[in-house]
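Overview (structure and organization)
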Amino acid sequence: MFTRKRLLVPGALLAGLLAVVVTGCTPTVALDPAANATDPGCAEVMVRLPDSVASESLRQTNAQATAAWGSPASILLRCGVQPYGPTTLPCDTISGIDWIEDDSQAPSYTFTTFGRTPATQVIVDSNAVSAVTALVDLQSAFAATPQTNKCVDANDVLGAGGTPIGSSTGTAAPTPAPTAGSTGTGTGTGTGTTTVPTPAPTDTTAPFIIETTPPAAAG
C-alpha cells in the first residue's frame, strides 16, 4: 500500500531557501568592457577584488574585467581603460595608489589609476558611499600592478625658482597641495597635478549610468 508522506521543512531552512531564490533574482549589472580588458594584468586585478567595498556587496556583471558593488550599484569598475598621460586633472594618492579624479559627472566621480598598466577606472556614487573608503578597500587589488610612474606637480618639476630639477621620468612622489573646492574624496590631504594639459582619454568616459533605484525582483 502506497503511503503519502509530507516533508516538513524547518522554518530557518525555509527562510534560507527563500533567501537564495531572492538573491538569484538580483539582475546582472550591464557594463561595456574596456578596450584592453583582455590584458593579462586585468586578470591579476580581478582575482584580488574584495567581495565587499565600502560595506557594499559584489554584484554580477556581464562584461570581462568589470565589477560592481551595491544594490542599487554605487561602485563600478572596468580594467583595461586607456591610461592617462600628463593632465591638469587632480591626482589623489590614496593608500599608495595614484588616482586621476574626474568630477565632471558629480555626484558620480570617476577615478582612473595613474602610472600602472593596465589602467583601471572606478566610478563612485558619492551620494551613496565614500569614495575614499571605496578606494582604500580596493587598494590591495591594484597594489599587485607594478607602478611605473607617479603624479607630480609644478614644484616637483621646476623647483621653487622655476629651475628644472631632477629627471623628467615622472618618478618623483606627489607633493600635497591644498586646492580650492571639493575634490569629491574628502581626504583633506590635498592633491598634486602634472603640468602639461592633455585631453582625457576617450575610453575613460563612463559607459554606464549609476543605478538610482533598487533593482526589481525578477519573476
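Residues numbered from 1 in each chain as written. Predicted model: local features only at pLDDT ≥ 70, side-chain atom pairs only at ≥ 80, totals over all residues. Heavy atoms only, no water.

Moving on, we come to the state of the cysteines. Applying the stated criterion across every chain, the model contains two disulfides. Disulfide partner of Cys-42: Cys-79, at an S-S distance of 2.2 Å. Taking the torsion about the sulfur-sulfur bond, which here is approximately -90°, the covalent link between Cys-42 and Cys-79 counts as left-handed. On the criterion of sequence distance, the pair formed by Cys-42 in helix α2 (residues 40-46) and Cys-79 in strand β4 (residues 75-81) is long-range, its members being 37 residues apart. As far as burial versus exposure is concerned, Cys-42 and Cys-79 are alike and both buried. A disulfide bridge connects Cys-91 with Cys-151, and the sulfur atoms are separated by 1.9 Å. Residues Cys-91 and Cys-151 share a disulfide whose torsion about the S-S bond is about 80°; that sign makes it right-handed. One end of the pair, Cys-91, is in strand β5 (residues 91-94); the other, Cys-151, is in the loop between α4 (139-143) and α5 (154-158), with 60 residues separating them in the sequence. With cysteine numbering restricted to those in disulfides and following the sequence, the protein has the pairing 1-2, 3-4. (Disulfide = S-S within 2.5 Å. Helix = DSSP H or I, 4+ residues; strand = E, 2+ residues; numbered from the N terminus. Buried < 20%, exposed > 50% of the residue type's maximum accessible area, 1.4 Å probe, protein only.)

Throughout the structure, instances matching the rule amount to one aromatic pair. Here Trp-99 and Phe-142 contribute two aromatic rings whose centre-to-centre distance is 5.1 Å and whose plane-to-plane angle is 85°, an arrangement assigned as edge-to-face. One end of the pair, Trp-99, is in strand β6 (residues 97-102); the other, Phe-142, is in helix α4, with 43 residues separating them in the sequence. Each member of the pair, Trp-99 together with Phe-142, is buried. (Phe/Tyr/Trp six-rings, centres within 6.5 Å; stacked < 30°, edge-to-face > 60°.)

Within the open sheet, the eight strands sit side by side as β1-β2-β3-β4-β8-β7-β6-β5. Their pairing is antiparallel. Sheet topology places β1 (52-53) and β5 at the edges, where each strand pairs with a single neighbour. Both β5 and β6 contribute to a ladder of four bridges, which runs antiparallel. Following the sheet pairing, Cys-91 is matched in β6 by Ile-100. (Pairing = 2+ DSSP bridges.)

Take unusual backbone geometry next. Between Ser-71 and the following residue, Pro-72, the backbone shows a cis peptide bond with an omega angle of 5°. Topologically, Pro-72 is positioned in the loop between β3 (66-69) and β4. Cis rather than trans, the peptide bond between Ala-106 and Pro-107 has omega equal to 15°. In this fold, Pro-107 is placed in the loop between β6 and β7 (108-113). We note that Ala-54 has phi near 50°; this positive angle belongs to a residue other than glycine.

Once that is clear, we can look at the side chain of Thr-87. Mapped onto the elements of the fold, Thr-87 is located in the loop between β4 and β5. The exposure class of Thr-87 is buried, given its relative accessible area of 3%. Among the polar contacts listed, one links the side chain of Thr-87 to the backbone nitrogen of Leu-89, at a separation of 3.1 Å. (Polar contact = N/O pair within 3.5 Å; in protein donor to acceptor, adjacent residues only side chain to side chain.)

Moving on, we get to the confidence of the model for the protein. Should the pLDDT be low somewhere, the predicted coordinates at that spot are not to be read in detail. Residues of the protein with pLDDT of at least 70 account for 58%, and the chain-wide mean is 73. Throughout residues 160-209 the model reports pLDDT below 50, and contacts reaching past four residues in sequence, or to other chains, amount to 108 contacts. Note on residues 211-219: pLDDT under 50 across the span, and 13 contacts to partners over four residues away in sequence or across chains. (pLDDT = per-residue confidence, 0-100. Contact = heavy atoms within 4.5 Å.)

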